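The chain contents come next:
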Amino acid sequence: MKLVSYLQEDRDRLGVLINNMVYDMEVLHPDLPNSMSMFLNFWEDALPMAKAGELILREGSRSSNKGIPVNDVQLLAPVPFPISCRDGYAFRQHVAAARKNRGLEMIPQFDQFPVFYFTNPHSIQGPGEINVMPDHLDKLDFELEVAIVICNHGKNIPAEEADEYIGGLMIMNDLSARHLQMEEMILNLGPAKGKDFATTIGPWLVTLDEIEEFAVPSKENHIGKNWNLAMRCYVNERQVSEGNLADMDWTFAEIIERASYGVNLYPGDIIGSGTVGSGCFLELNGTAKLKDPNFPEQWLLAGDVVEMEVNGLGKLTNTIAADESDWSILKRKKTDTAIDK
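All of these numbers come straight from a predicted model, not from anything done at the bench. (Residues numbered from 1 in each chain as written. Predicted model: local features only at pLDDT ≥ 70, side-chain atom pairs only at ≥ 80, totals over all residues. Heavy atoms only, no water.)

## Concerning the packing of aromatic side chains
And step 1. By the definition in use, this model includes 3 aromatic pairs.
And step 2. Plain terms: the ring middles of Phe39 and Trp43 are 5.6 Å apart, the flat faces sit at 85° to each other, and that makes the pair edge-to-face. Of the two residues examined, Phe39 and Trp43, each falls in the buried class. (Phe/Tyr/Trp six-rings, centres within 6.5 Å; stacked < 30°, edge-to-face > 60°. Buried < 20%, exposed > 50% of the residue type's maximum accessible area, 1.4 Å probe, protein only.)

## Side note on the packing of helix α4 (residues 92-101) against helix α8 (residues 281-291)
And step 1. The geometry of α4 relative to α8 is characterised by a closest axis approach of 9 Å and an angle of 50° between their N-to-C directions. When the interaxial angle is binned, α4 and α8 end up oblique. Classified by chirality, the crossing of α8 by α4 is left-handed. In this structure, α4 uses Gln93, His94, Ala97, Lys100 and Asn101 to contact α8, whose residues at the interface are Glu283, Gly286, Thr287 and Leu290.
And step 2. Partitioned by chemical class, the residues of the contact of α4 with α8 number 2 nonpolar, 5 polar and 2 charged. (Axes fitted to C-alpha atoms, helices over the stretch in contact; angles between N-to-C directions. Helix = DSSP H or I, 4+ residues; strand = E, 2+ residues; numbered from the N terminus. Parallel < 35°, antiparallel > 145°, perpendicular 65-115°, else oblique. Left-handed = near helix turned anticlockwise from the far one by under 90°. Contact = heavy atoms within 4.5 Å. Nonpolar A, V, L, I, M, F, W, Y, C, P; charged D, E, K, R; others polar.)

## With respect to the sheet that holds strand β23 (residues 314-322)
And step 1. Read from one edge of the open sheet, 5 strands run β9-β23-β22-β18-β19, paired in mixed fashion. In the strand order of this sheet, the two ends are held by β9 (128-132) and β19 (238-244), each with one partner. On average, each strand axis in the sheet is tilted by 20° relative to the strand beside it, whichever way the strands run.
And step 2. Pairing geometry for strand β18 (residues 230-235) and β19, over 6 bridges, is antiparallel. Its bridge partner lying in β19, Cys233 is registered against Ser241. (Pairing = 2+ DSSP bridges.)

## Observations regarding helix α7 (residues 252-259)
And step 1. In terms of burial, α7 is a largely internal element, 6 of the 8 residues being buried.
And step 2. Within the sequence span of α7, burial applies to Phe252, Ala253, Glu254, Ile255, Ile256 and Ala259.

Okay, here's the thing in structure tokens:
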């Protein structure tokens with residue numbers, strides 16, 4: 001199933017996408033939850049009921065005139081109000097390239113355990129315009145990723161069982177203000193302000209049965225599913241990045257195991273994969289500069305249209321918009337002289 005959240009009468013509604021038409025959950029069955037938050041909390045009962053209703057519509061044994069063309073609805077983030085949002089660091093290729101570009105060897109601890117950071121669940125957005133402050137536009141970057149949403153409550157979840165806690169997959173763009181990020185991480189803490197202003201997901205949540213044909217084994221000495229899904233990013237219709245979700249070294253199952261150690265995971269928690277290899281300008285710029293020190297850096301600008309496309313998961317489109325305010329925290333930063341005093 002492709003589950004969509006959309007705006008109707010100033011509130012979020014949950015629907016299913018069938019042949020480019022959105023059908024509200026009440027069309028599938030009047031007892032189904034009408035928001036993603038409620039659907040996730042009653043996942044075990046709601047999903048089979050929704051699948052049965054979807055199958056009836058797909059096969060044409062029951063017709064409905066209540067479908068709305070997907071282009072006529074205002075899509076929200078598939079999970080509009082996540083409980084939390086973690087982002088992983090699962091692709092070895094990205095980590096190795098980013099370190100090489102800084103003149104560093106690959107860090108051996110990457111192969112010992114998966115890591116993640118917490119980002120701001122209140123800044124989750126779906127398709128559409130992304131409003132950013134002036135400091136965000138200083139080396140603004142995209143990050144091509146895929147995310148999952150947790151659909152069952154659990155704690156201390158073994159990786160061998162963790163795929164059962166995945167409600168589905170969706171595209172994720174972990175937007176990054178690199179000036180802010182690099183500055184604050186000198187202090188070995190973060191990322192914080194370089195990341196917490198906007199993360200986009202969408203355009204819909206695809207349940208695992210929908211992509212079962214793309215499932216592949218995890219890499220050697222790893223546990224859990226991977227999926228052979230090609231990933232691409234375009235900026236102003238020009239392709240700038242490509243990769244594949246199957247290249248994840250640490251699986252979502254292993255990240256769930258780590259994240260749930262001593263901690264409760266709840267339906268509505270989002271976990272991102274981390275950036276696929278070559279999946280951001282920071283990495284692409286660094287790699288190009290190793291070959292040509294005069295390579296002109298690329299960053300996102302106001303007015304740019306960012307399209308992320310993943311086979312089986314759709315296309316997530318966002319437009320970068322500059323905020324009207326000129327407020328800047330970079331300009332208010334204390335000088336080195338002031339700190340010394």
